[in-house]
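# Per-entry structural report
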Amino acid sequence: VPVSSEGKALSKGTTYPFATLSEGEDTPEVSDITFDIQVTDITSTGATCTITPSRDDVYYFAGIASKEDFESDYGGSAVAYVEPIIEALAEIHGISAAEVVASYGFLGEYESPAIGYQPNSEYVVIAVPVSSEGEALSEGATYTFTTLSE
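The present account deals with the structure reproduced in this document. Predicted model only: the values in this text are computed from it and were never measured.

### Some words on unusual backbone geometry
Residue Asp41 is not a glycine yet carries a positive backbone phi of 50°. Along the polypeptide, Asp41 turns up in the loop between strand 1 (35-40) and strand 2 (46-53). Phi at Asn120 takes a positive value of approximately 50°, unusual for a residue other than glycine.

The following block contains the structure:
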């Protein structure tokens, strides 16, 4: 609720129901997150990528890599692709993984043009749900597409 300098409420505010965990109860795993990844407007050097998670309340990290790099550098693992991104952002900005998630993680649908790719080449769109501390909650999802020939 916003408050004036005199300490008076400026609005009625908003309420949301919630529940706390019982003592000793573990935080539930959020491994049921799925992603709908669509790639449209494919050209020889780009495309539009849209990532829609099954839940809007869980952060995720996403990216695009050449299929060759994804397989050789990350063993075809979406998690192996995302983990170094979070670590690098934390190191570059001198912040914790939790702050990286809050500042750079995606919530809800994300759409972005992807440009600068090579013609007739395969690329992989990657999405991985993460905890508030930056740990992968599942293996994530991938979608492979091929740019058009020139």
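Still more to cover.
### Some details on the packing of helix 2 (residues 78-93) against helix 3 (residues 97-104)
Close contact between helix 2 and helix 3 brings their axes to 9 Å; oriented N to C, the two are set at 100°. Of the possible angle classes, the one that applies to helix 2 and helix 3 is roughly perpendicular. Contacts between helix 2 and helix 3 pair Ile86, Leu89, Ala90 and His93 from the former with Ala97, Val100 and Tyr104 from the latter. Split by residue class, the contact of helix 2 with helix 3 holds six nonpolar, one polar and no charged.

### Let's talk about the packing of aromatic side chains
Applying the stated criterion across every chain yields a total of seven aromatic pairs. Taking the centre distance of 5.6 Å and the plane angle of 40° together, the rings of Tyr60 and Phe106 count as tilted. Here Tyr60, found in strand 3 (residues 60-66), pairs with Phe106, found in the loop between helix 3 and strand 4 (110-115); they are 46 residues apart in sequence, far enough to count as distant. Every member of this aromatic cluster is reached through a ring pair, and the members are Phe35, Tyr60, Phe106 and Tyr110.

### Comments concerning the sheet that holds strand 1
Taken in spatial order, the three strands make up an open sheet running 1-2-4, and their pairing is antiparallel. Either end of the sheet is taken by a strand with one partner, and the two such strands are strand 1 and strand 4. Neighbour to neighbour, the strand axes of the sheet diverge by 20° on average, direction disregarded.

Scoring rules and cut-offs
- Residues numbered from 1 in each chain as written.
- Predicted model: local features only at pLDDT ≥ 70, side-chain atom pairs only at ≥ 80, totals over all residues.
- Heavy atoms only, no water.
- Helix = DSSP H or I, 4+ residues; strand = E, 2+ residues; numbered from the N terminus.
- Axes fitted to C-alpha atoms, helices over the stretch in contact; angles between N-to-C directions.
- Parallel < 35°, antiparallel > 145°, perpendicular 65-115°, else oblique.
- Contact = heavy atoms within 4.5 Å.
- Nonpolar A, V, L, I, M, F, W, Y, C, P; charged D, E, K, R; others polar.
- Phe/Tyr/Trp six-rings, centres within 6.5 Å; stacked < 30°, edge-to-face > 60°.
- Pairing = 2+ DSSP bridges.

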